[in-house]
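# Examination of the molecular architecture
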Amino acid sequence: MSTAHIIAVGASPIGKTDLPGRDLFSKALAEAFEGLPKPSAVVDALYVGVQSERYENQIMQGTLMAEWAGLRNVPAERVEACAAAGALALKNAVRDVRADVHDAVLACGVEKMTAGGTEGATNALGAAFERALEQRSGITAPATYALLARRYLHETDATERDLARIAVKNHRNAADNPRAMFQEAVDVETVMGADYVAPPLKLFDCAPVCDGAATVVVANDDVADDLLDREDTVRVAGVGSAANNLAVAERDLTYVEGANVAATTAYEDADVAPADIDVAEVHDAFTICEALLAEAAEFAPKGRGIETVAEPSDRSAGWTDVRINTSGGLKARGHPIGATGLLQAVEAYDQLTGRAGDRQVADADTALLINEGGIADAHTVAHVLTNQ
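Residues numbered from 1 in each chain as written. Predicted model: local features only at pLDDT ≥ 70, side-chain atom pairs only at ≥ 80, totals over all residues. Heavy atoms only, no water.

### Focus: helix H4 (residues 117–126)
All of the buried residues along H4 are Ala121, Ala124 and Gly126. Of the surrounding elements, those touching the buried residues of H4 are helix H5 (131–137). (Buried < 20%, exposed > 50% of the residue type's maximum accessible area, 1.4 Å probe, protein only. Helix = DSSP H or I, 4+ residues; strand = E, 2+ residues; numbered from the N terminus. Contact = heavy atoms within 4.5 Å.)

Rendered as C-alpha cells:
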C-alpha cells in the first residue's frame with residue numbers, strides 16, 4: 001500500500017460573491033498549483049464534493065471541474081454526502097493513491113449557496129432530511145440542531161452562555177485567519193443578545209450561508225518527492241467513515257455515534273490515540289456540534305464538550321490538550337457546504353507545516369478532521385493527518 005501525502009492546498013475567498021462555482025474552483029486551484037506544474041502534468045483523477053445541484057442547476061460537476069482544471073479523459077466524479085461531500089472527495093482520493101490506482105488525485109469541493117437565496121439554501125439543505133417524516137414536517141436544519149442543543153442543555157449543566165463562548169472562541173480564531181469569512185471578534189454579550197434562530201440557538205450559534213471552493217492534491221511518495229521537500233507535505237495517516245441513520249428521531253440526540261466510529265476508525269488506521277491529536281477541525285455548523293464532536297472524538301468526557309473554549313490546563317479531568325477549530329470553524333471561517341471538509345484539510349495542512357501565522361499551535365504534528373453530512377450522525381468522515 002502506498003503512502004498518501006497532501007502536497008498542496010488552495011481555497012477561494014469565502015462569503016457571498018458574484019462568481020459562479022467554477023470560477024471559485026479556479027481560484028482555489030490556482031493557489032494549490034502555485035509553483036507546481038500545471039494540473040494535467042501532476043494529477044490523473046479528480047473527485048469533487050458538491051452538496052446540491054439546486055443552487056446553480058448544474059450536475060456533471062466532475063466533468064465540469066476537470067475541464068476547468070485542464071484535465072481531459074481522466075476519471076472525474078462528483079461525490080455527495082451533504083455537508084460531508086468535501087471530506088468524502090478527500091477520502092476517495094486517499095483511497096486511490098493508497099491502492100496504487102492513481103499516483104496523484106485532485107480532491108476538490110465547491111458550493112455556490114447564495115445563488116438561490118435563503119429559501120433556496122433552506123430547501124436544498126432540507127433534502128438531506130428523512131423524507132417521509134422530517135421533510136414533510138417542514139423542520140429546518142437550525143430547528144433540528146436546536147433539538148440536539150436543547151436536549152444537551154437538559155442532560156448536562158451546560159447553558160446557552162456556554163454555547164455562546166464557543167462562538168466567541170471561533171470568531172476570535174477567525175480574526176487571525178485571512179481565509180475566514182468573518183475576521184472580527186465578538187464578545188459573549190453580543191452573542192447572547194442576538195435574536196434566536198431556533199431556541200436555544202441564536203444567530204451567532206449558526207454557520208452562515210456562503211460561497212466557496214477548496215482543493216487538495218493527494219499524491220504518492222514518488223510524486224511528492226519529485227515536486228516538493230518532504231517538510232512541505234503532510235501524510236494522511238488515517239481515514240474513517242460511518243453512516244449511522246438519516247432520521248434524527250431514531251437516534252440518541254446527545255451522542256454522535258457515527259462520528260465516534262469514524263474517528264475511532266481513523267485513529268486505529270493511523271495508530272494514534274485521541275491524546276496524540278494536537279489540533280482538530282470539527283464540524284461546527286452550529287455551536288452545539290463542537291461540544292458533541294469533542295466528546296465523540298474522545299477528547300472530552302461526556303457532558304464536558306463545552307470546554308473546547310478553555311485552556312487545556314483549565315479543562316475538566318479526562319480532557320486532552322487538543323486545540324479545536326483554530327481556523328474559526330464553519331461558524332466563523334464559513335461553511336460553503338461542498339468545500340467544508342477540504343477547508344478543514346487546508347487548515348490542518350497550514351498548522352502541520354507551520355503556515356498558520358498568528359493562530360499557529362506550537363509543535364503541532366498531528367491533526368484530526370471530522371466532517372459531518374446530514375443532521376449530526378447521518379454520515380461522518382474523519383481523517384488523521386501528520387507531519388511525521
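### Details of helix H10 (residues 257–270)
Taking 1.5 Å as the rise per residue, H10 with 14 residues should run 20 Å; its terminal C-alpha atoms sit 20 Å apart, in good agreement. Along its buried surface, H10 packs onto strand S8 (234–242), helix H11 (287–296), strand S11 (366–373) and strand S12 (379–386). Backbone geometry just downstream of H10 places Asp271 in the positive-phi region, at approximately 60 degrees. (Expected span 1.5 Å × (residues − 1).)

### Re the sheet that holds S12
Across the sheet, 10 strands lie side by side as S3-S2-S4-S7-S1-S8-S12-S11-S9-S10; this open sheet has mixed pairing. Every other strand in the sheet has two partners, leaving strand S3 (76–79) and strand S10 (323–324) as the edge strands with one partner each. As defined by bridge partners, strand S2 (residues 46–49) adjoins strand S4 (residues 104–112) across four bridges and the pair is classed as parallel. Along S4, the bridge assignment pairs Tyr47 with Ala107. Along the sheet face, helix H1 (residues 21–32) touches strand S1 (5–11), S4 and strand S7 (211–219) and points at about 40 degrees away from the line of S7. (Pairing = 2+ DSSP bridges. Axes fitted to C-alpha atoms, helices over the stretch in contact; angles between N-to-C directions.)

### Digging into the layout of surface pockets
It is the rolling of a water-molecule-sized probe over the atoms that shows where space remains empty. The volume enclosed by the largest pocket comes to roughly 700 Å³. Around the largest pocket, the lining is made up of 35 residues, and of these Cys206, Ala207, Pro208, Val209 and Phe286 lie nearest the centre. Contributing elements (two or more residues each) for the lining of the largest pocket: H4 and helix H6 (141–155). Here the lining of the largest pocket takes five residues from H4, the largest share from any one element. A per-class count over the lining of the largest pocket returns 23 nonpolar, nine polar and three charged. As a volume, the second largest pocket reaches approximately 290 Å³. For the lining of the second largest pocket, the secondary structure elements donating two or more residues are helix H7 (160–174) and S10. Within the lining of the second largest pocket, the residues separate by chemical class into five nonpolar, four polar and eight charged. (1 Å grid on protein atoms, 1.4 Å probe; cavity = no way out; pocket = protein on both sides within 12 Å on 5 of 7 lines; lining within 4 Å. Points joined across faces, edges and corners; volume = space filled by probe spheres on them. Nonpolar A, V, L, I, M, F, W, Y, C, P; charged D, E, K, R; others polar.)

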